[in-house]
Amino acid sequence: MPRTTQPGAVASAARLRCALRSADASRLQLEMRLLEGMSGEERQSLLAAPGAHDGRSCLMAAAATGRLEAIEMLLQAGADVQHFNKLAKARGTALHEAAAKGHLDATQLLLLYGGNPFVANAQGQTAYELAASAGATHVVRLLEKEALFSGPVDIQWARPWSFTHRWKRRHVVVVHHFPHPSVALRSANRQGPWLEMWVFKSAREALPEVRMWLAGAEAVLAGGDGREAVLRLHSRHEPPPRGVVTRTAAGCCC
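Reading the values: the criteria
- Residues numbered from 1 in each chain as written.
- Predicted model: local features only at pLDDT ≥ 70, side-chain atom pairs only at ≥ 80, totals over all residues.
- Heavy atoms only, no water.
- Helix = DSSP H or I, 4+ residues; strand = E, 2+ residues; numbered from the N terminus.
- Buried < 20%, exposed > 50% of the residue type's maximum accessible area, 1.4 Å probe, protein only.
- Contact = heavy atoms within 4.5 Å.
- Areas by Shrake-Rupley, 256 points an atom, 1.4 Å probe, with all protein chains shown as cover.
- Salt bridge = Lys/Arg side-chain N within 4 Å of Asp/Glu carboxyl O.
- Phe/Tyr/Trp six-rings, centres within 6.5 Å; stacked < 30°, edge-to-face > 60°.
- Lys NZ or Arg CZ within 6 Å of the ring centre and 35° of its normal.
- Core = buried A, V, L, I, M, F, W, Y, C linked by side-chain atoms within 4.5 Å.
- Axes fitted to C-alpha atoms, helices over the stretch in contact; angles between N-to-C directions.
- Parallel < 35°, antiparallel > 145°, perpendicular 65-115°, else oblique.
- Left-handed = near helix turned anticlockwise from the far one by under 90°.
- Nonpolar A, V, L, I, M, F, W, Y, C, P; charged D, E, K, R; others polar.
- Polar contact = N/O pair within 3.5 Å; in protein donor to acceptor, adjacent residues only side chain to side chain.

1. Focus: the overall build of the chain
Along its length, the chain carries 10 helices and seven strands. When each of the 254 residues of the chain is scored for burial, the buried share is 43%. The long-range share in the chain, meaning contacts at least 24 apart out of those at least 6 apart in sequence, stands at 57%. Entry remark: accessible area of the chain is about 13,500 Å², with carbon and sulfur atoms responsible for 52%.

This is how it looks when you write it as structure tokens:
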């Protein structure tokens, strides 16, 4: 059932946002203490109340500035880390806000409270993608700890016109891509989440060389010791090449 904003919550949330923007910690603590006298429903309504201009909840506003003390206070008060900004062009959740600005400590705290770095906003972008686009390498590597696979892989593209192949060490990440909640509700028959593979030149890079969907892909073991595999992508997933050979110490990465 959709959450509604209680009367008076918008005004109270506006005061709390002003305290968040100020550098006065005592003012913020005073506003937060007002939450203690509220019922659970009133508190949740205030914490979810959108900003008049940007649609951000108090937690999103704090995450955008990277204020750890404020973020922790709001989370402890019951702010919903999964709550989405309802404006069409908004970044998404509080984790989207922190990751897009490269706030490492704030991102880590939101992850501890259950933030999902692989759920898309209304534009189809995850917090992981926003961190990569912002060049926040340290945040990208942190979010990858929540991935299905993350690590070095020896890789070579299978090209039909070439008779020689040279192995190249790459940083490879396999992640889920969860659709925005509104998309999931409208598309009941669509399958999700989907799998993506990101290939980085090294772990020092924020942006990948190659990014590909793994839906419809087929992995076939190529070596007798189980350490090599051929990954054949679905024909619709171009570019990159349809065939890629990977070699890792732990076997096939996907």
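2. Here we look at helix 4 (residues 58–65)
Burial analysis of helix 4 places seven of its eight residues in the buried class, which makes it a mostly covered element. Along helix 4, the residues classified as buried are C58, L59, M60, A61, A62, A63 and A64. One or two steps after helix 4, the chain reaches G66, where phi turns positive at roughly 75 degrees.

3. A word on the pattern of salt bridges
Enumeration according to the criterion identifies eight salt bridges in this entry. In this structure, E129 engages R211 in a salt bridge whose closest nitrogen and oxygen atoms are separated by 2.8 Å. Note that E129 is positioned in helix 8 (residues 127–133) and R211 in strand 4 (residues 210–213), a separation of 82 residues in sequence. Judged by relative accessible area, which is 36%, R211 ranks as partly exposed. A salt bridge links R170 to E209, with the shortest nitrogen-to-oxygen separation between them at 2.7 Å. Placement of the pair is R170 in strand 2 (residues 168–177) and E209 in the loop between strand 3 (194–200) and strand 4, with a sequence separation of 39 residues. Using a relative accessible area of 14% as the deciding quantity, one classes R170 as buried.

4. What to know about the packing of aromatic side chains
All told, the structure shown has four aromatic pairs when counted by the stated rule. Considering the side-chain rings of W194 and W213, the 6.4 Å spacing of their centres and the 85 degrees angle between planes classify their relative orientation as edge-to-face. Of the two residues, W194 sits in strand 3 while W213 sits in strand 4, which places them 19 residues apart along the sequence. When its relative accessible area of 21% is taken as the criterion, W194 is described as partly exposed. Look at W213 and you get partly exposed, because its relative accessible area is 37%. Taken together, the ring pairs in this structure connect F118, Y128, W198 and F200 into an aromatic cluster. In this structure, R141 is placed above the aromatic ring of F200, and the distance from its NZ or CZ to the ring centre is 4.7 Å.

5. Topic: the nonpolar core
With 37 residues, the main nonpolar core has L59, I71, L110 and Y128 as its most contacted residues. In contact with Y128, not counting residues within four places along its chain, are P117, F118, V140, L143, E144, V173, V175, W198 and F200. Within the second largest apolar cluster, 10 residues are counted, among which are V172, M197, V199 and L214.

6. Considerations on the packing of helix 5 (residues 68–76) against helix 7 (residues 104–112)
At a minimum axis distance of 10 Å, the contact between helix 5 and helix 7 shows a crossing angle of 15 degrees. The orientation of helix 5 with respect to helix 7, classified from their angle, is roughly parallel. Our pair here, helix 5 against helix 7, has a crossing hand that is right-handed. Residues L68, I71, E72 and L75 of helix 5 touch helix 7, and the partners they reach there are D105, A106, L109 and L110. Broken down by class, the residue content of the contact of helix 5 with helix 7 amounts to six nonpolar, no polar and two charged.

7. Some words on the side chain of H171
Among the structural elements, H171 can be located in strand 2. Of the residues examined, H171 reaches a relative accessible area of 11% and is grouped as buried. Here the side chain of H171 touches E144 through a polar contact of 2.8 Å, side chain to side chain.

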